[in-house]
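# Chain and residue survey
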Amino acid sequence: MTDLQPVRGTRDLIGDEQRRHHHVIETARRIAAAYGFDEWATPVFENTAVFARTLGETSDVVTKEMYTFEDRGGDSITLRPEGTAGVCRALVSNGLTQSLPQKVFYAGPMFRYERPQKGRYRQFHQIGIELIGPSEPLADAEVIACGHHILEALGVARLAVLEINTLGDRESRQAYRDALIGYFSARRSALSEDSQARLERNPLRILDSKDADDIAIVAEAPTIMDFLTPEAAGFYDALRRHLDSFGVPYRENARIVRGLDYYGHTAFEFVTDALGAQGTVMGGGRYDGLVAEMGGPHTPAVGWAAGIERLAMLLDEAPAAPATVVIVPVDDSVEPVAITTLQSLRRAGIRTEMAYRGNLRRRLERANRTGARAAIILGPDDVADGTAQLKDLATGTQEAVRLDRLADRLK
Ligand code: HAM
């Protein structure tokens, strides 16, 4: 049999990597809870229609990156490339569109058929929040503040800059779109093939191009600021004012368009230069039309998602592996007492294991090698006295401790 390798773009999370991952989720979960978000878990796969139109027919995610397949019953199924569409689908399916606001936190795997590189995988993981119901810009600022708070708690906020933009309302976008078509059409032959195709279908997407020639043309393109309706401009002003009140620093970047099509008004990204090319650690914005596209009523919403792998890479150091206490019975006669002690320490919440085999020296050596913090040595004489030898494996000191005092001593 050939060696089985993980599928390209997937990774096993083991040891330090898993602890980093877990720390990101636990921190985000705790802080999102303080902002009033409840956790939802939606399925990892959905009917393809949940994503196909709603994320944008011209977006890279839909055109090139979805894991779509026909299941055995002939239904078209897609592994979720992101979490927002599933949350909106769940809101409608569960009849929650009249119970607003809904404040949703989620964490889990997402799937995109992208070219793998550092910080970019085919199965990756996101944490995210969605605030569904409020149409006020205060909601946008609060959602961003929560994201910023999580980055602070992870100790990575200093490595990331918040960039914000507005995509305006429908009217602003239409006027901007027309202006972009005019601008890019005049430079059509200089654009990349991809961008020429985008010109008809979604000229805003050209702003997002990574092609070097496109980037030069995009640099001179008109920005949406000149096409905002007074309402859209007012919304954006309020967002900036509220961000100031929350004390969240930001930079304006009129080139942020986001890779998914459901956004209007607020669009934002936390970007870092500490991760090479994959610099966006968190991204989101307002998506007032998505719930209606899932068949629900018009429902304003705003949210973000962050790549757990990218955040995990930014963490200073991995959380320490938990230290273990090892019980070492000196001979078979004390095994019953060793097992009782083992279980009572575990019930007290102390991570405890028992060395199964070998003589005393071998068992202690093994305990040392695995990084245990203490050994409890049980010999027949100790047990007869109702005590054990507690050995601190860091310092090597040893003392007799009564069996019923062990848990307190170890805490
Ligand atoms: P997104 O910008 O597509 O937005 O993804 C959010 C974050 O997921 C990115 O900033 C990045 O950190 C991470 N990410 C995306 N693709 C990959 C990948 N292939 N490998 C590793 N990390 C990746 C969304 O997904 C929206 N649902 C965000 C949102 C929520 N908007 C409103 N609510």
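## Details of the overall build of the protein chain
When its secondary structure is counted, the protein chain shows 15 helices and 16 strands. For 411 residues, the compact-globule formula gives about 22 Å, and the C-alpha radius of gyration of the protein chain, at 28 Å, lies well above that figure. Along the three orthogonal principal directions, the C-alpha set of the protein chain runs to about 90 × 55 × 45 Å. Within the protein chain, the fraction of its 411 residues that count as buried is 50%. Contacts in the protein chain between residues far apart in sequence, at least 24 positions, make up 69% of those at least 6 positions apart. Computed over 49 positive and 58 negative side-chain charges, the inter-centroid distance for the protein chain is 5 Å.

## Focus: the nonpolar core
Grouped together as the largest cluster of nonpolar side chains are 42 residues, with contacts concentrated most on Ile127, Phe270, Trp304 and Leu311. No other element matches helix α5 (residues 137-153), which puts eight residues into this core. Residues contacting Ile127, with those up to four places away along its chain left out, are Val24, Ile25, Ala28, Phe105, Tyr106, Ala107, Ile150, Trp304, Ala305, Ala306, Ile308 and Leu311. Of all hydrophobic cores here, the second largest spans 30 residues; its members include Met66, Met110, Tyr287 and Val291.

## Things to note about the environment of Phe37
The topology assignment puts Phe37 in the loop between α1 (16-34) and β1 (38-39). Here Phe37 falls in the buried class, since its relative accessible area comes to 6%. Measuring from C-alpha to C-alpha, the distance between Phe37 and Val104 comes to 5.2 Å, with 67 residues separating the pair along the chain. The contacts of Phe37, once residues within four sequence positions are left out, are Ala32, Lys103, Val104, Phe105, Ile129, Glu130, Leu131 and Val143.

## Describing unusual backbone geometry
Where the residue is not glycine, phi is negative for most of them; where a peptide bond is considered, it is trans in most cases. Note the cis peptide between Leu100 and Pro101, where omega equals 0°. With respect to the element layout, Pro101 can be found in the loop between α4 (84-93) and β5 (102-111). Even without being glycine, Arg258 reaches a positive phi, approximately 70°. Tracing the backbone shows Arg258 in the loop between β8 (251-252) and β9 (264-272). Its relative accessible area of 12% is what places Arg258 among the buried residues.

## Structural notes on empty space enclosed by the protein
This model, assessed by the stated rule, comprises one cavity of 30 Å³ or more. Every residue along the wall of the largest cavity is listed here: Asn165, Thr166, Leu167, Tyr176, Leu204, Leu207, Ile224, Ala254 and Val257. Of the residues assigned to the lining of the largest cavity, the class counts are seven nonpolar, two polar and no charged.

## Considering the site of the ligand
Residues in close proximity to the ligand total 27 residues, the closest being Glu82, Thr84, Glu114, Glu130 and Tyr263. Within the contact set of the ligand, a nitrogen atom lies 2.8 Å away from a side-chain nitrogen or oxygen of Thr84. Between the ligand and Glu114, the relevant distance is 2.6 Å, taken from a nitrogen atom to a side-chain nitrogen or oxygen of the residue. In the complex, 95% of the free accessible area of the ligand, which totals 660 Å², lies under the protein chains. Counting only elements with at least two residues in the shell around the ligand, the list comes to β6 (123-132), β10 (280-286) and β11 (301-307). Counting residues per element, the shell around the ligand draws most heavily on β10, which supplies six residues.

## Brief notes about the pattern of salt bridges
A full pass over the atoms with the stated rule returns 21 salt bridges. Between Glu163 and Arg251 there is a salt bridge; the shortest N-O distance is 2.6 Å. Of this pair, Glu163 sits in strand β7 (residues 160-166) while Arg251 is found in strand β8, placing the two residues 88 residues apart along the sequence. Residue classification places Arg251 among the partly exposed positions, given a relative accessible area of 44%.

## What about α1?
Between the first and last C-alpha of α1 there are 27 Å, a value that for 19 residues agrees with the 27 Å anticipated at 1.5 Å per step. Buried within α1 are the following residues: Arg20, His21, Val24, Ile25, Thr27, Ala28, Ile31 and Ala32. Looking straight down α1, one finds that the buried residues subtend no more than 165° of arc, so they occupy a single side. Exposed and facing more than 90 degrees away from the buried side of α1 are Arg30 and Ala34. At its buried positions, α1 is contacted by β5, β6, α5 and α11 (308-314). Just past α1, the residue Gly36 takes up positive phi, approximately 90°.

Analysis parameters
- Residues numbered from 1 in each chain as written.
- Predicted model: local features only at pLDDT ≥ 70, side-chain atom pairs only at ≥ 80, totals over all residues.
- Heavy atoms only, no water.
- Helix = DSSP H or I, 4+ residues; strand = E, 2+ residues; numbered from the N terminus.
- Rg over C-alpha atoms; globule rule 2.2 N^0.38 Å.
- Buried < 20%, exposed > 50% of the residue type's maximum accessible area, 1.4 Å probe, protein only.
- Contact = heavy atoms within 4.5 Å.
- Lys, Arg positive; Asp, Glu negative; His and termini not counted.
- Charge placed at Lys NZ, Arg CZ, Asp CG, Glu CD.
- Core = buried A, V, L, I, M, F, W, Y, C linked by side-chain atoms within 4.5 Å.
- 1 Å grid on protein atoms, 1.4 Å probe; cavity = no way out; pocket = protein on both sides within 12 Å on 5 of 7 lines; lining within 4 Å.
- Points joined across faces, edges and corners; volume = space filled by probe spheres on them.
- Nonpolar A, V, L, I, M, F, W, Y, C, P; charged D, E, K, R; others polar.
- Near = heavy atom within 4 Å.
- Polar contact = N/O pair within 3.5 Å; in protein donor to acceptor, adjacent residues only side chain to side chain.
- Areas by Shrake-Rupley, 256 points an atom, 1.4 Å probe, with all protein chains shown as cover.
- Salt bridge = Lys/Arg side-chain N within 4 Å of Asp/Glu carboxyl O.
- Expected span 1.5 Å × (residues − 1).
- Arc of directions from axis to C-beta.

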